[in-house]
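Topology and contacts: notes
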Protein chains: 2
Amino acid sequence: MIVHTQQVTFDEELRLKSGATLKPVTLAYETYGTLNADRSNTILICHALSGDAHVAGQHSPHDRKPGWWDDAVGPGKAFDTDRYFIVCSNVIGGCSGSTGPSSINPETGRPYGLSFPVVTVADMVEAQRWLIDALDIPSLLCVTGGSMGGMQALQWAVSYPDRVRSALVLASTACTSAQTIALNEVPRQAIYADPNWNEGDYYGKEPPNAGLAVARMIGHITYLSETSMREKFGRRLQERERYGYDFATEFEVESYLKYHGNRFTSRFDANSFLYITKAIDYFDLSLGRGDLSEAFADVKAKILVLSYSSDWLYPPEQSEELVRGLLRNGIDASYVEIKSDYGHDAFLLEVERLGELTRDFLAKVERETSGPAGPAQGAPTSTGEREEKVYPLASWAAKTRGTWRLAKVEQREIA
Amino acid sequence: MIVHTQQVTFDEELRLKSGATLKPVTLAYETYGTLNADRSNTILICHALSGDAHVAGQHSPHDRKPGWWDDAVGPGKAFDTDRYFIVCSNVIGGCSGSTGPSSINPETGRPYGLSFPVVTVADMVEAQRWLIDALDIPSLLCVTGGSMGGMQALQWAVSYPDRVRSALVLASTACTSAQTIALNEVPRQAIYADPNWNEGDYYGKEPPNAGLAVARMIGHITYLSETSMREKFGRRLQERERYGYDFATEFEVESYLKYHGNRFTSRFDANSFLYITKAIDYFDLSLGRGDLSEAFADVKAKILVLSYSSDWLYPPEQSEELVRGLLRNGIDASYVEIKSDYGHDAFLLEVERLGELTRDFLAKVERETSGPAGPAQGAPTSTGEREEKVYPLASWAAKTRGTWRLAKVEQREIA
């Protein structure tokens, strides 16, 4: 699947949550599949911290690496490009084609650096709405994403209830925790500590790669689990038979982190790392409201929330809290905690289970939001015994599990 | 309790695991309580990464802060200085009075820096044995410590089976995990990335405080739990009513990390941080043996292992693995997983429960290792319902719990 990144530039003022404005606003985006005649088959995929618009496929036949969620997006895959029109755009604040701190500030003719305004998840979503308007898509069949992508999906359902038929939220939260703020702040401090950072004014000079690499290494640890690191690396040495008793890289896990930390610096802008982590820190749908439930008062979308048992960055408890808030508003929300050892990365890797759930969920959404609402008709696709916690409100999820009793019990518990 | 740090210097060659030698070797140490007539009441406390010899009390009446485990060491406390003679020494490689990379290299007349040899936990313990010899103490009633301190306690039991009557191992492991190596390597990279580090040659110049502060901040996150961070900080702002939409420190958790990161630089040497974390990485009692069980073949000490339910740096599973290895050797080992939200820090904070368990454990050790072995006679000290997992081999722990049935069942499970 060969795709090309496109760009659209809006010569309008984007009013940000902070009160500041941004103009012009460029968004880089890619599309996959075909928009149907009544423009009703669009799935918007939102990316996480370090993602971009290139969610799947290759830019040329010689591309060594496909898009970041290629396992889940394509013909016959979880997000089936034979059936759906997939859109993915780089967030504002990013560095992969959309307006961000490395873009030229039209007032100075030089890169923004820290003069770029702080953006929030809601601002990212507002810019995406402009894109969806530009593509003349009246409403989205589904908005989905993992981690910060899941935050955007939730924000879409909250901000534009009439334009979102469903949201599929993976490994995410409705309210960033103190631990996640801490795990964002320390990488930021690593960037600030790099003298090359120079208060964000480093474009055209030596960038703060050492700080950014450390920042990325911290992130990488949080994306894995203790179990996955043990299985992936254990205490194996890299290119050594025995301990060297020095400070060279010697354990495989050290080599892995260093490699990925350094590689990251060739494709990511340190200031974008600062802006995007800050947007994550600010994400709190209960802000200015009594509690989380009130945030969802106007939501009309059907929502499926997935968490992963070994994800300690966005642990299942945070998804459960989100689901409780949705259920209290009578929203058609379902929740599955998928058993996985992959940690936070599971949302990218556990694509088989994701595919099963997504197919059922989207079939239900298409059925129930395009015609009159009625009982789910989908046949069970999986009856095997899985150690998952399932908390459905609608019957479909229980049906796909063949564990209705458990589901009912657990639903009471979480409601 | 006013104490003074003492120093002893050995003008002998300490042969290290790496094959290198170190000479002279100075150890800073403190003692509390009184050595009894038959020199049989010594408890050696071993410190963790950033600790020192000053485990309890004050150096002067004006000292604002007591020693690092003052809650657990003193008259009537878990380690009762009215009954026991407590010794605590700074590890070699450290920077609080014992020989380390900031010490003068006698061959050059300048601080060692990276010419200091890499030391292991076994080397730290060997140097401590010299100290115990110098104090003319034939055997230790108990060796204890949390985290890296627990590693030293285990190493003592393995290296000197005839000189250790018991070991009390808190929040530790017999074999450092890939995740812990990762969480040590990234802080090291933060130090390397600081240009002031200058390959370890910074004494007398500007030290790499920015890198060391980031290193410490990473550590601090790993010492807490998601729950304790939520309860301690939540999303509260520091000296602000609302979001500032800038990169100033604004969440309380950010302020906490920054404060502790910076404060650490005033008392700790960056090179010592490198050497001590490397010693932790190398710690693997199964090294050169078939498996962990073989490492314990000669151990004679009675061992009590404590883990803490929310400790994700040294999670309970690692303590369970250790206990399995001990039990397979028929060692008198007991294990309690203490329910706590404090994360890894729990070993320093949960002193009430520690006190109960320590009193019973030490009474048993005194009784059973000074006279003929026999059934435990200690009366239960706690019969309340606690959600702890208890895996005793000896009967005492079950007795103190009043949950003998559970204990037996769980013992079978872990054995």
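Residues numbered from 1 in each chain as written. Chains lettered and ligands numbered in written order. Predicted model: local features only at pLDDT ≥ 70, side-chain atom pairs only at ≥ 80, totals over all residues.

Within chain A one finds 13 helices and 15 strands. Residues counted as buried form 56% of the 415 residues belonging to chain A. In chain A, the proportion of contacts linking residues at least 24 apart, taken out of those at least 6 apart, comes to 68%. (Helix = DSSP H or I, 4+ residues; strand = E, 2+ residues; numbered from the N terminus. Buried ≥ 20, exposed ≤ 12 C-beta atoms within 10 Å, placed from the backbone. Contact = placed C-beta atoms within 7 Å.)

Let us look at the nonpolar core. Membership of the largest hydrophobic core comes to 254 residues, with the highest contact counts inside it found for A167 and V214 of chain A together with A167 and V214 of chain B. In contact with V214 of chain A, other than residues within four places in its own chain, are A190 and G261 of chain A together with V186, Q189, A190, A193 and V214 of chain B. (Core = buried A, V, L, I, M, F, W, Y, C linked by C-beta atoms within 7 Å.)

A few words now on helix α7 (residues 270-282) of chain B. Here α7 of chain B spans 19 Å end to end across 13 residues, near enough to the 18 Å set by a 1.5 Å rise per residue. Most of α7 of chain B sits out of view: 13 of its 13 residues are buried. (Expected span 1.5 Å × (residues − 1).)

This part covers the relation of the copies chain A and chain B. Between the two copies, chain A and chain B, the superposition gives an RMSD of 0.0 Å; the rotation angle is 180° and the shift along the axis is 0.0 Å. Here the copies are linked by what is in effect a two-fold axis. Looking at the interface residues of chain A, 100% of them are also at the interface in chain B, so both copies use one shared face. (Least-squares fit on C-alpha atoms with pLDDT ≥ 70 in both.)

The next point concerns the packing of helix α1 (residues 121-134) of chain A against helix α2 (residues 148-159) of chain A. All names here are of chain A. Between α1 and α2, the least distance of the axes is 9 Å, while the angle of their chain directions is 70°. Looking at the two axes, α1 sits roughly perpendicular to α2. Facing V121, A122, M124 and V125 of α1, the residues of α2 in contact are M151, Q152, Q155, W156 and S159. When the residues that make up the contact of α1 with α2 are grouped by side-chain class, the tally is six nonpolar, three polar and no charged. (Axes fitted to C-alpha atoms, helices over the stretch in contact; angles between N-to-C directions. Parallel < 35°, antiparallel > 145°, perpendicular 65-115°, else oblique. Nonpolar A, V, L, I, M, F, W, Y, C, P; charged D, E, K, R; others polar.)

Listed as interface residues are 42 residues of chain A and, on the opposing side, 42 residues of chain B. Broken down by secondary-structure element, the contributors of at least two residues to the side of chain A that touches chain B are α3 (178-192), α4 (209-223), α5 (226-232), α6 (252-265) and α7 (270-282) of chain A. Per element, the largest residue contribution to the side of chain A that touches chain B is nine residues, and it comes from α3 of chain A. Looking at side-chain class alone, the side of chain A that touches chain B contains 26 nonpolar, six polar and 10 charged residues.

Direction vectors running N to C along α3 of chain A and helix α6 (residues 252-265) of chain B enclose 50°, while the axes themselves pass 9 Å from each other. Looking at the two axes, α3 of chain A sits oblique to α6 of chain B. In the packing of α3 of chain A onto α6 of chain B, the handedness of the crossing is right-handed. Contact with α3 of chain A, carried on its side by A178, I181, A182, E185 and V186 of chain A, involves V253, E254 and L257 of chain B of α6 of chain B and no other residues of that element. Among the residues forming the contact of α3 of chain A with α6 of chain B, the class breakdown is six nonpolar, no polar and two charged. (Left-handed = near helix turned anticlockwise from the far one by under 90°.)

All right, on to the environment of R165 of chain B then. Residue and element names in this part refer to chain B. Note on placement: R165 falls in the loop between α2 (148-159) and β12 (166-170). Residue class for R165 comes out buried when judged on the 22 C-beta atoms lying within 10 Å of it. Between the C-alpha atoms of R165 and T277, which are 112 residues apart in sequence, the distance is 28 Å. With residues up to four places along the chain from it excluded, the contact list for R165 reads S139, L140, L141, C142, A301, V365 and T369.

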